[in-house]
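Structural characterization, general
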Amino acid sequence: FQPLTRRSFLSGTAAAGAVILLHPFSARAQANQAHLRIMETTDIHVNVLPYDYYGDKPNDTMGLSRTATLIDAVRKEATNAMLVDNGDFLQGNPMGDFVAYERGMKEGDLHPVVKAMNLLGYDASTLGNHEFNYGLPFLRRSIAGANFPYVNANVYVDDKDKDSASAKHAFTPYVLLDRMVKDAQGKSYPIKVGVIGFVPPQIMQWDKANLEGRVVTRDIAEVAKKYVPEMRAKGAQLVIAIPHSGFEKGEVGALAENAVSRLADVPGIDAILFGHSHAEFPSKAFATFPRADVERGTINGVAAVMPGRWGDHLGVVDFTLDNGSGSWKVVGSQSSIRPIFDRVAKKSIAEADPLVEKTVGEEHAQT
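What counts as what
- Residues numbered from 1 in each chain as written.
- Predicted model: local features only at pLDDT ≥ 70, side-chain atom pairs only at ≥ 80, totals over all residues.
- Heavy atoms only, no water.
- 1 Å grid on protein atoms, 1.4 Å probe; cavity = no way out; pocket = protein on both sides within 12 Å on 5 of 7 lines; lining within 4 Å.
- Points joined across faces, edges and corners; volume = space filled by probe spheres on them.
- Helix = DSSP H or I, 4+ residues; strand = E, 2+ residues; numbered from the N terminus.
- Buried < 20%, exposed > 50% of the residue type's maximum accessible area, 1.4 Å probe, protein only.
- Pairing = 2+ DSSP bridges.
- Core = buried A, V, L, I, M, F, W, Y, C linked by side-chain atoms within 4.5 Å.
- Contact = heavy atoms within 4.5 Å.
- Polar contact = N/O pair within 3.5 Å; in protein donor to acceptor, adjacent residues only side chain to side chain.
- Expected span 1.5 Å × (residues − 1).
- Bend = angle between axes of the 7 residues up to and from the residue.
- Salt bridge = Lys/Arg side-chain N within 4 Å of Asp/Glu carboxyl O.

Here's the deal with the layout of surface pockets
- Approximately 170 Å³ is the volume found for the second largest pocket.
- Surrounding the second largest pocket, Phe247, Glu248, Lys249, Gly250, Glu251, Val252, Ser261, Arg262, Asp265, Pro290, Arg291 and Ile299 form its lining.

Remarks on unusual backbone geometry
- The linkage connecting Phe281 with the following residue, Pro282, adopts the cis geometry, with an omega of 0 degrees.
- Inspection of the secondary structure assignment puts Pro282 in the loop between strand S13 (280-281) and strand S14 (292-293).
- Positive phi values are uncommon outside glycine, yet Val46 reaches one of about 70 degrees.
- Inspection of the secondary structure puts Val46 in the loop between strand S1 (33-41) and strand S2 (51-52).
- For Val46, a relative accessible area of 0% corresponds to the buried category.
- Here Lys346, not a glycine, exhibits a phi torsion of approximately 55 degrees, which is positive.

Regarding the pairing of strand S9 (residues 188-198)
- With nine bridges joining them, strand S8 (residues 174-182) and S9 adopt antiparallel strand pairing. Paired with Asp178 across the two strands is Lys192, which belongs to S9.
- In this structure, the hairpin formed by S8 and S9 is closed by a connection of five residues, where Gly186 is found at a positive phi of approximately 85 degrees.
- Taken together, the six bridges between S9 and strand S11 (residues 238-243) define a ladder with parallel strand orientation. When the sheet's bridge partners are listed, Gly197 is paired in S11 with Ile242.

Quick word on the nonpolar core
- Counting 53 residues, the largest nonpolar core has Val48, Leu120, Phe132, Leu139, Tyr150, Val155 and Phe171 as its most contacted members.
- Breaking this core down by element, the ones donating at least two residues are helix H3 (64-76), strand S4 (80-85), helix H4 (94-103), helix H5 (112-120), helix H6 (136-143), helix H7 (203-206) and strand S17 (313-322).
- The greatest single-element share of this core, amounting to six residues, is contributed by H5.
- Discounting residues that sit within four places of it in the chain, Phe171 has contacts with Leu127, Phe132, Leu136, Leu139, Arg140, Ile143, Asn152 and Val155.
- In this structure, Phe198, Ala241, Val260 and Phe281 belong to the second largest nonpolar core, which totals 35 residues.

Thoughts on H5
- Within H5, nine of the nine residues are buried, which leaves the element mostly enclosed by the surrounding structure.
- Within H5, burial applies to Pro112, Val113, Val114, Lys115, Ala116, Met117, Asn118, Leu119 and Leu120.
- Following H5 by one or two positions, Gly121 adopts a phi angle in the positive range, close to 75 degrees.

Describing the side chain of Asn152
- Along the chain, the position of Asn152 falls in the loop between strand S6 (150-151) and strand S7 (155-157).
- A distance of 3.2 Å separates polar atoms of two side chains, one belonging to Asn152 and the other to Asn154.
- At 2.9 Å, the side chain of Asn152 and the backbone nitrogen of Val155 are in polar contact.
- For Asn152, the residues in contact, after removing those within four places along its chain, are Leu127, His169, Phe171, Thr172, Pro173, Gly197, Phe198 and Val199.

Some remarks on helix H9 (residues 220-233)
- Taking 1.5 Å as the rise per residue, H9 with 14 residues should run 20 Å; its terminal C-alpha atoms sit 20 Å apart, in good agreement.
- The largest bend in H9 amounts to roughly 25 degrees and is located at Lys226, with the proline Pro229 lying one to four residues further along.
- Put simply, Asp219 is the residue that caps the front of H9, since its side-chain oxygen is 3.2 Å from the backbone nitrogen of Ala221.

Structural notes on the pattern of salt bridges
- For the structure on display, the rule yields 21 salt bridges.
- A salt bridge links Arg37 to Asp318; the nearest nitrogen and oxygen atoms lie 2.7 Å apart. In this pair, Arg37 is assigned in strand S1 and Asp318 in strand S17, connecting sequence segments 281 residues apart. Assigned by exposure class, Arg37 and Asp318 land together as buried.

Some details on the environment of Phe98
- Checked against the element boundaries, Phe98 lands in helix H4.
- Overall, Phe98 belongs to the buried group, its relative accessible area being 15%.
- Spatially, the C-alpha atom of Phe98 lies 40 Å from that of Ala236, the residues being 138 residues apart in sequence.
- What Phe98 contacts, discounting residues up to four positions off in sequence, is Arg103, Gly104, Glu363, Gln366 and Thr367.

Here it is, written out as structure tokens:
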């Protein structure tokens, strides 16, 4: 089920003979049931390494290379697992600016963050608002080298059809990923997982100089209402939304920047893996939010997770799926976040992965 990368092969070899404790959803699965784990990173902002470029010193509280260690461990706990990213990976620290303004991105070049993500075996990603900071040509060259799809459903081409039913998407709106899952008895079955992504419509104001006359945006929830049924009709048995958007306490209206609460009302979505706000869900900070269950990790009954920023947490949604009807359906879920740093003890609890550090070593040194 997991994409085989050089890194996952090596880590699997190194772990041979180790005792692996399966998650209860895997251990307790019955006949015709399977445990599927969806992992999420968000708002990496070019922080591949645990390094503070502004202070010119290491920083153990951040870095995708440390999150990578959690990804390895969390994958091993599950019978079946997937990994997605929620965006804002392209801009945010001096290494991002170095690549954009000094080194540049020619056709065929690999962006350092994309190199690291390829190594980790991502299944899909979406675009955050900061992906547009360096302009559309730079963005397109940067994501061209990814070994996984990027999805965005609410950015359209600004042309004569932009407001019509035949408007053209600026990016692939969603993907249907064909995977295999093992059930409790070790038998493998196909499953089709739909993944759809969104960005705040406000990119048209925040990056007006880069986007005006080129693209237009639409409301996140309204676009979801159009495409989620289409994804289901095309055979998606599980629909994962990865909106680069936050969760606000009160009611939000059309074209909202933080539209997760409205998205949770769209029928047919099984999980919302979100970000943008640099916050952590589920956590006590959201305990008083209407319709939020921070024990189970749901919003309006929909499994949801938001893992902070800069790689400081890994988001995890665990599903129990049932195939008794001949098609996989969700019968249970639990969301959680895993930290790379113990804030109470003030110590790292996830070592940096040397292969991830090596893959961006040249760009780091140049920065």
